[in-house]
Amino acid sequence: MTTRLDSRYTAGQLGQLSGVGERTVRYYVREGLIDPPSGRGRGAHFDNRHLGQLQRVRFLQEAGLDHAAIRQHGEEIEAALAKRGVARRDWEAEWARSSADVARIYRRLKAQRYVPAVSTVTRVEVAKGIALLIEGNHRLPAPTRLAEAVAGLRAAFDVTEQTDQAGQK
């Protein structure tokens, strides 16, 4: 069974389908974690193959792998499958098959004028039970300014800096 790869997505649509932002999609392309879009300029687009790659990257990140390990993992799998005569596109088609299901659901929701909101959030631990959440559309301040903000929040909540069991801050 083959997967149709004719669905076309912008970087933003691809991000929505996979639960990341458009900037993250473009970053993953620059990092070599997913292939560049097909075409150039305004005609550039992603397809279900890219969606499958993105889902694989997210899966491996959740398993604790960093970007270098994810790239290495992809290369190792590609080499192992090549020894068995399986092409990269065939391997990615398996990932894309589930991506096609996600795309169908997305199109159905979009037709109903409901597209789930997706946003990335940075969580900064202030103290036990208190966290600062910063949505992805806001740029994080410099580390020193962020530390000052956290110190101000601790003061506002009358919380002293907590230490871990080793006695470190």
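What counts, and where the lines are drawn
Residues numbered from 1 in each chain as written. Predicted model: local features only at pLDDT ≥ 70, side-chain atom pairs only at ≥ 80, totals over all residues. Heavy atoms only, no water. Helix = DSSP H or I, 4+ residues; strand = E, 2+ residues; numbered from the N terminus. Core = buried A, V, L, I, M, F, W, Y, C linked by side-chain atoms within 4.5 Å. Buried < 20%, exposed > 50% of the residue type's maximum accessible area, 1.4 Å probe, protein only. Contact = heavy atoms within 4.5 Å. Arc of directions from axis to C-beta. pLDDT = per-residue confidence, 0-100. Axes fitted to C-alpha atoms, helices over the stretch in contact; angles between N-to-C directions. Parallel < 35°, antiparallel > 145°, perpendicular 65-115°, else oblique. Left-handed = near helix turned anticlockwise from the far one by under 90°. Pairing = 2+ DSSP bridges. Salt bridge = Lys/Arg side-chain N within 4 Å of Asp/Glu carboxyl O.

Colleague: Teacher, can you tell me more about the environment of alanine 147 here?
Modeller: Tracing the sequence through the fold places alanine 147 in helix H6 (residues 143–156). The spacing of alanine 147 and valine 124 is 23 residues in sequence and 9.9 Å in space, taken between C-alpha atoms.

Colleague: How should the nonpolar core be read in this particular structure?
Modeller: Among the nonpolar cores identified, the biggest contains 16 residues, and Leu14, Val25, Tyr28, Ile34, Phe46, Leu54 and Val57 are the most heavily contacted of them. Counting only elements with at least two residues in this core, the list comes to helix H1 (11–18), helix H2 (22–31) and helix H3 (48–62). The dominant element in this core, judged by the number of residues it contributes, is H3, at four residues. In this view, isoleucine 34 contacts Leu14, Val25, Tyr28, Val29, Phe46, Gln53, Leu54 and Val57; residues no more than four positions away in its chain are not counted.

Colleague: How do you make sense of H1 when you look at a structure like this?
Modeller: All of the buried residues along H1 are Ala11, Leu14, Gly15, Leu17 and Ser18. Considered in projection along H1, the buried side chains sweep an arc of 160° and stay on one side of the axis. Glycine 19, located one to two residues past H1, shows a positive phi value of around 85°.

Colleague: Got a minute to help me understand the confidence of the model for the protein in this structure?
Modeller: Should pLDDT be low for a region, the predicted coordinates there are not to be read in detail. With 76% of its residues at a pLDDT of 70 or more, the protein has an overall mean of 78. Taking the mean pLDDT of every element in the protein, the minimum, 66, falls on helix H5 (residues 88–111) and the maximum, 92, on H2. Scored below 50 in pLDDT, residues 1–5 makes 12 contacts in the model with residues more than four places away or belonging to other chains. Counted against residues more than four places away or in other chains, residues 163–168, with its pLDDT under 50, gives three contacts.

Colleague: Looking at this model, I keep getting lost on the packing of H1 against H3. Mind explaining?
Modeller: To characterise two packed helices, one gives the angle between the axes of the helices and the distance between these axes. Between H1 and H3, whose axes approach to 10 Å, the crossing angle comes to 45°. With respect to H3, the element H1 is oriented oblique. For the pair H1 and H3, the sense of crossing is right-handed. Along its contact with H1, which presents Leu14, Leu17 and Ser18, the element H3 presents His50, Leu51, Leu54 and Arg58.

Colleague: What is the right way to look at the pairing of strand S1 (residues 121–127) in this model?
Modeller: Sheet analysis places S1 next to strand S2 (residues 130–135), joined by six bridges and oriented antiparallel. Bridge pairing in S2 places glutamate 125 opposite alanine 131. Hairpin connection, S1 to S2: the antiparallel pair is bridged by two residues, and glycine 129 has positive phi, about 85°.

Colleague: Please explain unusual backbone geometry as it appears in this structure.
Modeller: Leaving glycine aside, a negative phi is the common case for residues, and trans is the common case for peptide bonds. With phi around 55°, aspartate 158 is a residue other than glycine that occupies positive phi space. Structurally, the position occupied by aspartate 158 is in the segment after H6.

Colleague: Whenever I open this one, the packing of H3 against helix H4 (residues 67–83) confuses me. Can you help?
Modeller: At a closest axis distance of 10 Å, the pairing of H3 and H4 adopts a crossing angle of 125°. Judged by the angle between their axes, H3 and H4 are oblique. By crossing handedness, the relation of H3 to H4 is classed as right-handed. Together, Arg56, Val57, Leu60 and Gln61 of H3 and His67, Ile70, His73 and Gly74 of H4 make up the contact between the two elements.

Colleague: Looking at this structure, I do not really get the side chain of histidine 67. What am I missing?
Modeller: By secondary structure assignment, the location of histidine 67 is in helix H4. When sequence neighbours within four positions are dropped, the list of residues in contact with histidine 67 reads Tyr27, Tyr28, Glu31, Leu33 and Gln61.

Colleague: Please clarify how the pattern of salt bridges should be interpreted in this entry.
Modeller: Applying the stated rule across the entire model yields four salt bridges. Between glutamate 31 and arginine 71 there is a salt bridge, and its shortest N-O distance comes to 3.4 Å. Here glutamate 31 is found in helix H2, whereas its partner arginine 71 is found in helix H4, with 40 residues between them in sequence.

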